[in-house]
Amino acid sequence: TQANPRFTMSQVLCAAALSGLDRDEDARIAVRRLLELQPGITVDASIVSACYANPESMQALRSALLRAGLPER
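Residues numbered from 1 in each chain as written. Predicted model: local features only at pLDDT ≥ 70, side-chain atom pairs only at ≥ 80, totals over all residues. Heavy atoms only, no water.

1. As for the side chain of Ser19
Within the secondary structure layout, Ser19 lies in helix 1 (residues 9-20). Discounting residues that sit within four places of it in the chain, Ser19 has contacts with Asp24, Ala27, Ala64, Arg67 and Ala68. (Helix = DSSP H or I, 4+ residues; strand = E, 2+ residues; numbered from the N terminus. Contact = heavy atoms within 4.5 Å.)

2. Here we look at helix 4 (residues 55-68)
Taking 1.5 Å as the rise per residue, helix 4 with 14 residues should run 20 Å; its terminal C-alpha atoms sit 20 Å apart, in good agreement. Phi turns positive, to about 105°, at Gly69, one or two residues after helix 4. (Expected span 1.5 Å × (residues − 1).)

3. Some words on the environment of Gly69
Turning to its location among the elements, Gly69 is positioned in the segment after helix 4. By relative accessible area, which is 45% here, Gly69 ends up partly exposed. (Buried < 20%, exposed > 50% of the residue type's maximum accessible area, 1.4 Å probe, protein only.)

4. A word on the environment of Ser57
Within the secondary structure, Ser57 sits in helix 4. Each C-alpha atom of the pair Ser57 and Ile47 lies 9.9 Å from the other, and the pair is ten residues apart in sequence.

5. What to know about the packing of helix 1 against helix 2 (residues 24-37)
Contact geometry of helix 1 with helix 2 gives a least axis separation of 8 Å together with a crossing angle of 165°. Taken together, the axes of helix 1 and helix 2 are roughly antiparallel relative to one another. When the axes of helix 1 and helix 2 are compared, the crossing they make is left-handed. When helix 1 is examined against helix 2, the residues Gln11, Val12, Cys14, Ala15, Leu18 and Ser19 are found in contact with a partner set consisting of Asp24, Asp26, Ala27, Ala30, Val31, Arg33 and Leu34. Among the residues forming the contact of helix 1 with helix 2, the class breakdown is eight nonpolar, two polar and three charged. (Axes fitted to C-alpha atoms, helices over the stretch in contact; angles between N-to-C directions. Parallel < 35°, antiparallel > 145°, perpendicular 65-115°, else oblique. Left-handed = near helix turned anticlockwise from the far one by under 90°. Nonpolar A, V, L, I, M, F, W, Y, C, P; charged D, E, K, R; others polar.)

Written out as structure tokens, the structure reads:
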């Protein structure tokens, strides 16, 4: 995110990964940072940006981001 602060997908995936590892506080911190970089970003917008073809991957990403505290809509 330092090279291009508007590219936030790395932060989205970081938050989801931390959530998936049950590192809830770290995941929430990652979400706060994500919201600083892109205020108003939501789970729905993140899923569209991720462009996963596999529905199971999309659902796993959605669940992890919700658990991390990213707003759904």
